[in-house]
Amino acid sequence: MEYSQNPCTSAEMYRTTTPGQLSFENFYLPFGGHLNGENRWVKLAEAIPWETVEASYAEQFSEGMGSPAKSFRLALGALIIKEKLGTSDRETVEQIRENPYLQYFLGFSGYQDKAPFDASMLVHFRQRISLGLVLQVNERVVQSMLAREASGAVDGEPSESDDDDEGSPPNQGQLLMDATCAPADIRYPTDLSILNEARADSEAIIDRLYAQLKGTMTKKPRTYRKLARKAYLIVAKQRRPRRAVRRKGIRQQLNFLRRNLKHIDALVAAGASLAQLSRRRYRQLLVISEVYRQQRELYETRSRRVDDRIVSISQPYVRPIVRGKAGVPVEFGAKLSVSHVNGCVFLDALSWNNFNESTHLQQQVKAYYRRFGHYPESVHADQIYRTRVNRNWCKERGIRLSGPPLGRPKKDTTLRAEQKRQAREDEKRRVAIEGKFGQAKRRFSLACVMPKLAETAQCAIAITFLVLNLERWLRQLFVCFFYLFGSNRCNRWRLNVCLSMSSAIFDSLFNWVVSNEKTLCGHNRCRLAIAL
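Colleague: Requested: an account of the nonpolar core, with residues and values cited.
Modeller: Phe105, Ile129, Leu336, Leu347 and Ile461 are the most contacted members of the largest nonpolar core, which totals 95 residues. Among the elements that take part in this core, helix α15 (residues 454-482) stands out by supplying 13 residues, more than any other. Sequence-distant contacts of isoleucine 461, defined by excluding residues within four places in its chain, comprise Ala182, Ala334, Leu336, Leu347, Leu350, Leu446 and Val449. By size, the runner-up hydrophobic cluster in this structure holds 27 residues, among which are Leu254, Ala272, Tyr299 and Ile310.

Colleague: Break down the packing of aromatic side chains for me, with residues and values.
Modeller: Under the counting rule described, the total for this entry stands at 10 aromatic pairs. The interplanar angle of 80° and the centroid separation of 6.5 Å between the aromatic rings of phenylalanine 346 and phenylalanine 372 together place this pair among those described as edge-to-face. One end of the pair, phenylalanine 346, is in strand β4 (residues 344-351); the other, phenylalanine 372, is in helix α12 (residues 361-372), and 26 residues separate them in sequence. Phenylalanine 372 sits in the partly exposed class, given a relative accessible area of 27%. Three or more aromatic residues joined by ring pairs make a cluster, and in this case those are Trp41, Trp50 and Phe105. Directly above the ring of tyrosine 299 sits arginine 247, whose terminal nitrogen or CZ lies 4.1 Å from the centroid. One Lys or Arg, lysine 335, reaches over the ring of phenylalanine 355 and ends 4.8 Å from the middle of that ring.

Colleague: Any chance you could break down the environment of tyrosine 292 for me, citing the residues and the numbers?
Modeller: Note on placement: tyrosine 292 falls in helix α11 (residues 279-301). Tyrosine 292 gets classed as buried once you look at its relative accessible area, which sits at 16%. With 34 residues separating them along the chain, tyrosine 292 and arginine 258 place their C-alpha atoms 7.6 Å apart. Every residue in contact with tyrosine 292, bar those within four places of it in the chain, is listed here: Leu254, Leu257, Arg258 and Leu261.

Colleague: Please provide a residue-by-residue account of a positive patch on the surface, values included.
Modeller: Taken together, the side chains of Arg243, Arg246, Arg302 and Arg304 make up a positively charged region of the molecular surface. The residue arginine 243 is located in helix α10 (residues 243-269) in this model. Residue classification places arginine 243 among the exposed residues on the basis of a relative accessible area of 53%.

Colleague: So what's going on with the packing of helix α3 (residues 72-85) against helix α4 (residues 89-98)? Which residues, and what values?
Modeller: Contact pair α3 / α4: the axes reach a minimum separation of 10 Å and the direction vectors enclose 105°. As judged from the angle between their axes, α3 and α4 are roughly perpendicular. Residues Ala78, Ile81, Lys82 and Leu85 of α3 form the contact with α4, whose own contacting residues are Asp89, Thr92, Gln95 and Ile96. In the contact of α3 with α4, the residues fall into four nonpolar, two polar and two charged.

Reading guide: rules and limits
Residues numbered from 1 in each chain as written. Predicted model: local features only at pLDDT ≥ 70, side-chain atom pairs only at ≥ 80, totals over all residues. Heavy atoms only, no water. Core = buried A, V, L, I, M, F, W, Y, C linked by side-chain atoms within 4.5 Å. Buried < 20%, exposed > 50% of the residue type's maximum accessible area, 1.4 Å probe, protein only. Helix = DSSP H or I, 4+ residues; strand = E, 2+ residues; numbered from the N terminus. Contact = heavy atoms within 4.5 Å. Phe/Tyr/Trp six-rings, centres within 6.5 Å; stacked < 30°, edge-to-face > 60°. Lys NZ or Arg CZ within 6 Å of the ring centre and 35° of its normal. Patch = residues over 30% accessible without salt bridge, like charges linked within 9 Å, V, L, I, M, F, W, Y side chains within 5 Å. Areas by Shrake-Rupley, 256 points an atom, 1.4 Å probe, with all protein chains shown as cover. Salt bridge = Lys/Arg side-chain N within 4 Å of Asp/Glu carboxyl O. Lys, Arg positive; Asp, Glu negative; His and termini not counted. Charge placed at Lys NZ, Arg CZ, Asp CG, Glu CD. Axes fitted to C-alpha atoms, helices over the stretch in contact; angles between N-to-C directions. Parallel < 35°, antiparallel > 145°, perpendicular 65-115°, else oblique. Nonpolar A, V, L, I, M, F, W, Y, C, P; charged D, E, K, R; others polar.

Encoded structure:
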């Protein structure tokens, strides 16, 4: 799936920052001392390729007109800090103001005890940094991470590509894929509540249009808003209203909304101008008209389905995603197709409309080939991916698709047992991507996407997956240390001691691991490769 690099343009001017990252030794602290080079934010600043993607970010700004815009490092870094700390926009700005390590992470030359920008700027950052731009940064971060791990492989290992006669690299590696939903921050929608909200918004639009004609029109259009509100509450306050009661409430709200839309047309015909409405109100009017059409069609046909169904007036791009899971059969948000390779995650597709994830298997495998130069040896996915088309496509390329083969079970008990064992092993490996979804939703913000615009929500979702990979990069340092314990009976005791030690001792241990990172990775290459 192709993503737009620069979905919006800005009247501001952009000034490219000085190439090269700021040295933490030269970071100015007014109260004396120096930054610790082993701090996690210093390490993260080294892992992100700021300059390589800055040119794409600068394309949306003017070259010589307008006030200078905030740098790409400041914009992206602020969004990463917000996602990693799990704070609000205002709290993120306060954390940046109080923490010199966060200011170094954002590219400042010295500590300053004032907010670098207003909290509302984070909305503009999410608008300016497109989905494709975040995916570029994520690709480069993962490439550098995997290249660093590959450099620690055992020397003298034969290259598998040397045995290839046709010149194409052999298949290697495992590709895990799955789909999930990122729910938006909306209340659970019902037909009655959506109609009531649309009716209330239409009354606000009538008030603004009538204000334009107050001197020429003697009588304001009658909306019956009190009666409409009372009719809605009669049904909404019932614990379990009967179907006939619900249909009656929906019919009443449809009639009130139809009357309001006719009043709006009459006001426009009398001389009121829609151009004088705010951008938000005009957008609401378009959404309300479409909501009325959809709900009228559902009511008249007694159907439960309509194309491009609107479930939120404020976020009309959100669609119901039927997942069929126990407890949550329907979710409302963006549907994602995600790939998982060696603990790293890639956001391959994002859509606000529901889709069949099996149609993305070939695209995700091709993306794997583009990233690593060869096809995977095996693809581990759910049953929905194992269609005949996908099986044949993978078979032509020598890729093993997880799961039992089609057809009747083999008569040979040994072969049948081997197939069952292989299917269990494949499912154990595939479960790793479910853990990533759990981490993204329980630790980070994927369980409730707060931004209200489609482009800002897409940016926030992509930032979540970028932070997941950055978290994995930080965990490498700890894995390198814990595998020094070896394999003996004291492993569990030693690990418990490390986990129960005080924060001061643990910070000292972390700093020692960081300072001796290269030595540890060189002496424990095999164990590090197994751990990762």
